[in-house]
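Coordinate analysis (summary)
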Amino acid sequence: MTCIGRDRLAKLTEVSRYVSELANLRPFPRQPYVGTSAFIHKGGLHVSGVNKWKEAYQHIDPAAVGNRSGVLVSELSGSAT
């Protein structure tokens, strides 16, 4: 059932951050869908898998909710990262 259109859903992250700003709250980075870490991937094999087949690791396209995907480089990162 469609509640709002795709164009309005794509503004979800923007609206969430705006509400946090109005409420004088720091946005929670691990918040589902709209958090800055919601679609960030870390770890060698995990990142390699994401690069090969994103749909296996992300149940939706981050752009659908106005967010973006990314890779965090750390000591766990392998050569594929």
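Residues numbered from 1 in each chain as written. Predicted model: local features only at pLDDT ≥ 70, side-chain atom pairs only at ≥ 80, totals over all residues. Heavy atoms only, no water.

1. Re the overall build of the chain
Regarding its fold elements, the chain presents 3 helices and 2 strands. Counting from the amino terminus, the chain carries its helices and strands in the arrangement α-α-β-α-β. Its C-alpha atoms give the chain a radius of gyration of 15 Å, more than 25% over the compact-globule value 12 Å for 81 residues. Oriented by its inertia axes, the alpha-carbon framework of the chain measures out at about 40 × 35 × 15 Å. A total of 81 residues make up the chain; the buried ones form 23% of that total. A separation of at least 24 residues holds for 56% of the contacts in the chain among residues at least 6 apart in sequence. (Helix = DSSP H or I, 4+ residues; strand = E, 2+ residues; numbered from the N terminus. Rg over C-alpha atoms; globule rule 2.2 N^0.38 Å. Buried < 20%, exposed > 50% of the residue type's maximum accessible area, 1.4 Å probe, protein only. Contact = heavy atoms within 4.5 Å.)

2. Remarks on helix 2 (residues 12–22)
By the burial criterion, the buried members of helix 2 are Thr13, Ser16 and Ser20. One side of helix 2 carries all its buried residues, which in axial view fall inside an arc of 65°. In helix 2, the exposed positions that point more than 90 degrees away from the buried face belong to Glu14, Glu21 and Leu22. Backbone geometry just downstream of helix 2 places asparagine 24 in the positive-phi region, at approximately 60°. (Arc of directions from axis to C-beta.)

3. Things to note about the environment of threonine 2
For threonine 2, the location among the structural elements is in the segment before helix 1 (6–9). Residues threonine 2 and asparagine 67, 65 residues apart in the sequence, show an inter-C-alpha distance of 20 Å.

4. Some points on a nonpolar patch on the surface
A surface patch of nonpolar side chains, about 310 Å² in accessible area, is lined by Ile4, Leu9, Leu12 and Tyr33. Mapped onto the secondary structure, leucine 12 falls in helix 2. (Patch = residues over 30% accessible without salt bridge, like charges linked within 9 Å, V, L, I, M, F, W, Y side chains within 5 Å. Areas by Shrake-Rupley, 256 points an atom, 1.4 Å probe, with all protein chains shown as cover. Salt bridge = Lys/Arg side-chain N within 4 Å of Asp/Glu carboxyl O.)

5. Concerning the confidence of the model for the chain
For the chain, per-residue confidence averages 89 on the pLDDT scale, and residues scoring 70 or more make up 93% of the total. When the elements of the chain are averaged for pLDDT, helix 3 (residues 44–52) gives the smallest value, 82, and helix 2 the largest, 97. (pLDDT = per-residue confidence, 0-100.)

6. Overview of unusual backbone geometry
If you check the backbone angles, asparagine 24 has positive phi at about 60° while not being a glycine. Here asparagine 24 lies in the loop between helix 2 and strand 1 (40–42). Using a relative accessible area of 70% as the deciding quantity, one classes asparagine 24 as exposed. The backbone of tyrosine 33 sits at a positive phi, close to 70°, despite the residue not being glycine. With respect to the helices and strands, tyrosine 33 occurs in the loop between helix 2 and strand 1.

7. Some thoughts on helix 3
For helix 3, the set of buried residues is Gly44, Val47, Ser48, Gly49 and Val50. Elements that come into contact with the buried residues of helix 3 comprise strand 1 and strand 2 (70–72).

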